[in-house]
2 protein chains.
Amino acid sequence: MPNRFVRKLENFEKLPKTDRQAIVDVCQNIRKVAARNVMLEPGDWSYLFVSGLACRYQMLEDGTRQITDFIVPGDLCNGYSVLPDSGICSLSQCSVAYIPRDRLAQVMERHPRISRAFWRLAVAEATILRAWTANIGGRPADKRVAHLLCELCHRLCAPDDPGSNSCTLPLSQVDLADATALSPVHINRVLGRLRERKLVGLQRRSITVEDLRRLMAFGQFNGAYLHDVGAPA
Amino acid sequence: MPNRFVRKLENFEKLPKTDRQAIVDVCQNIRKVAARNVMLEPGDWSYLFVSGLACRYQMLEDGTRQITDFIVPGDLCNGYSVLPDSGICSLSQCSVAYIPRDRLAQVMERHPRISRAFWRLAVAEATILRAWTANIGGRPADKRVAHLLCELCHRLCAPDDPGSNSCTLPLSQVDLADATALSPVHINRVLGRLRERKLVGLQRRSITVEDLRRLMAFGQFNGAYLHDVGAPA
DNA sequence: CGAAAGGTTGAAACTTCTCAAGCAGGGTGG
DNA sequence: CCACCCTGCTTGAGAAGTTTCAACCTTTCG
């Protein structure tokens, strides 16, 4: 199950078998979390997401919820940066490996390579966050939405079906609005236009990317910044 | 000189003297970079910023420049995430320690604690990036500008003068526009209003925060997310 | 001295938001 | 099984915030 995490780490740092095993060992305590559940980032546990989709968000002073990033299988959430008014919310049903904080520290102590891989991974994730900022700050609504959907497809769907040109995302329109910093009403209109062009399909609580390649062109999406994190094996 | 970096790392992980020394040793090759210089993130070097202010940016398809974060003394830029259309630009004169990539790898190999501290630091920086997203996505222009200025003051000025209530930032209005995702014209008007309220002062290529405490209240700034990185010793 | 860069100001245009009302589906209790 | 409610989606119209265009000014620099 945590293979995907190991695979991701090995994008950065080839790990000897003992290191890989150490990671697998530490990920035994897996639990299911229902969709639409707020998961407080706890002080003593780290989360390794095994399946499902979640998002990190921040509440602003005026009651707005800003989603700051999505969490996909193979992502590690260490509760170090617990802030008031921020949290993690599952969007679909997720399974999550709960890792005691001190065991993780122990593993890093004993396997320096893992520490370094963690660092590289964190740096790569920062690149994704910057692309998010650029997307929200710089692109008009329709391309912004398209770009975000493309990112999610790549991070979420690609590993299971590399050549896939379509992918269903468990997002409500309000979720998308909070992620793109647009109003739900506007999101609805933008999605309507994307649907007219047969780029996406809309369901009650999910959005299907029908033609990923054309959507990428439309949203000027270049996946280089994903740094192959989560790419097919 | 790199003391500030060590100090930052030790926010996360107490380092033995040998580790601290290893970092200092690796930071000997210091060069000056003039203001307004594009510094390509090179493949073989890491940069440790010692003094000055720089920014990371990303060019978008329509020619917009989006600044995604600021780089302050004590920040480490490892060129791993070199992307097309993104780069680093000095805003003031900077001094930068150039560190050969392989030496840094070596240091991490020999000093596992340093790797772990690097990881923690990268995670903390991600928190700052998320706050940036939330700021751009969620706040109206005036508060957004105020918030950004507050962040910069905290990261840039505080270490030198903890209790300071004012601080001069080497930013042109266009820089601020690119950082906040607002047009230069609008930035100009917003700054005009902040000046009327005696919150900031405007110079030709710099902005002075005159009353940081009031500006923080106005921009609803809570520095918790800075995670004490760069905080006074 | 001229040119370039940064800043200032006004007016019109545009994107996006808000408010408001209405519809559809899915689950629940009667 | 139906009525109901709740959530999520849809649509229209007016309002707001922000952008664009354009002109002009000021300072710096070559």
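The rules behind each value
- Residues numbered from 1 in each chain as written.
- Chains lettered and ligands numbered in written order.
- Predicted model: local features only at pLDDT ≥ 70, side-chain atom pairs only at ≥ 80, totals over all residues.
- Heavy atoms only, no water.
- Disulfide = S-S within 2.5 Å.
- Helix = DSSP H or I, 4+ residues; strand = E, 2+ residues; numbered from the N terminus.
- Buried < 20%, exposed > 50% of the residue type's maximum accessible area, 1.4 Å probe, protein only.
- Contact = heavy atoms within 4.5 Å.
- Buried area = accessible area lost by both parts, 1.4 Å probe.
- Salt bridge = Lys/Arg side-chain N within 4 Å of Asp/Glu carboxyl O.
- Polar contact = N/O pair within 3.5 Å; in protein donor to acceptor, adjacent residues only side chain to side chain.
- Near = heavy atom within 4 Å.
- Nonpolar A, V, L, I, M, F, W, Y, C, P; charged D, E, K, R; others polar.
- Axes fitted to C-alpha atoms, helices over the stretch in contact; angles between N-to-C directions.
- Parallel < 35°, antiparallel > 145°, perpendicular 65-115°, else oblique.
- Least-squares fit on C-alpha atoms with pLDDT ≥ 70 in both.
- Domains from an automatic or database assignment.

J.: So what about the state of the cysteines? Which residues, and what values?
T.: Residue and element names in this part refer to chain A. In the structure shown here, the tally under the stated rule is two disulfides over all chains. One disulfide bridge connects Cys157 with Cys167, the sulfur atoms lying 1.6 Å from each other. Of the two residues, Cys157 is situated in helix H5 (residues 141-157) and Cys167 in strand E9 (residues 167-169); the sequence distance between them amounts to ten residues. Judged on exposure class, the residue Cys157 and its partner Cys167 are both buried.

J.: So, the interface of chain A and chain B: which residues are in play, and what are the values?
T.: When the parts come together, some accessible area is lost, and that loss is often what is quoted as the size of the interface. Every contact between the two is made by 43 residues of chain A and, on the other side, 43 residues of chain B. Summed over both partners, the interface of chain A with chain B buries about 4100 Å², with 64% contributed by carbon and sulfur atoms. One can count eight salt bridges joining chain A with chain B. For Glu109 of chain B, the salt bridge identified is with Arg113 of chain A, shortest N-O distance 3.6 Å. Where chain A packs against chain B, one counts nine residue pairs in polar contact (both at pLDDT 80 or more).

J.: Account for the protein's contact with DNA strand D, with residues named and values stated.
T.: Residues in close proximity to DNA strand D total 18 residues, the closest being Gln173, Asn188, Arg189 and Arg204 of chain A together with Ser183 of chain B. Backbone sugar and phosphate groups make up 68% of those atoms of DNA strand D lying within 4 Å of the protein. His186 of chain B is positioned with one of its side-chain polar atoms (N or O) 3.3 Å from a phosphate oxygen of DNA strand D. Arg189 of chain B has a polar side-chain atom sitting 3.4 Å from a base oxygen of DNA strand D. Where the surface near DNA strand D is concerned, the elements lending two or more residues are helix H6 (173-180) and helix H7 (184-196) of chain A together with helix H7 (184-196) of chain B. For the surface near DNA strand D, the leading source of residues is H7 of chain A, giving four residues. Partitioning the surface near DNA strand D into residue classes produces seven nonpolar, five polar and six charged.

J.: How would you sum up the packing of H5 of chain A against H6 of chain A? Please name residues and give values.
T.: All names here are of chain A. Contact geometry for H5 and H6: axes closest at 11 Å, N-to-C directions at 105°. Considering their axes alone, H5 and H6 lie roughly perpendicular with respect to each other. For the pair H5 and H6, contact is made by Arg144, Val145, Leu148 and Leu149 and by Leu176, Ala179 and Thr180, respectively. In terms of residue class, the contact of H5 with H6 is made up of five nonpolar, one polar and one charged.

J.: Please set out the protein's contact with DNA strand C residue by residue, giving values where relevant.
T.: Taken together, 19 residues surround DNA strand C, and among them Ser183 of chain A together with Gln173, Asn188, Arg189 and Arg204 of chain B come closest. Near-protein atoms of DNA strand C (within 4 Å) split between backbone and bases, with sugar and phosphate holding 71%. A distance of 2.6 Å separates a phosphate oxygen of DNA strand C from a polar side-chain atom of Gln173 of chain B. Contributing elements (two or more residues each) for the surface near DNA strand C: H7 of chain A together with helix H6 (173-180) and H7 of chain B. No other element matches H7 of chain B, which puts four residues into the surface near DNA strand C. Tallied by class, the residues present in the surface near DNA strand C amount to seven nonpolar, six polar and six charged.

J.: Give me the lowdown on the relation of the copies chain A and chain B, citing residues and values where you can.
T.: Expressed as a screw transformation, the operator carrying chain A onto chain B has a rotation angle of 180° and an axial translation of 0.0 Å, and the superposed copies differ by an RMSD of 0.0 Å. Read as a symmetry element, the transformation amounts to a two-fold axis. Of every C-alpha in chain A, the one belonging to Trp119 of chain A sits nearest the axis of rotation, 2.1 Å from it.

J.: I'd like to hear about the domain arrangement of chain A, residue by residue, with values.
T.: Residues and elements named next belong to chain A. Entries for chain A in the domain assignment read domain 1 (3-125) and domain 2 (140-226). Using C-alpha coordinates to define each centre, domain 1 is positioned 24 Å away from domain 2. Of the roughly 1300 Å² buried between domain 1 and domain 2 on both sides combined, carbon and sulfur atoms contribute 52%. Counting every contact that joins domain 1 to domain 2 gives four salt bridges. Between Asp75 and Arg155 there is a salt bridge; the shortest N-O distance is 3.1 Å. In this structure, the connection of domain 1 to domain 2 is made through eight residue pairs in polar contact (both at pLDDT 80 or more).

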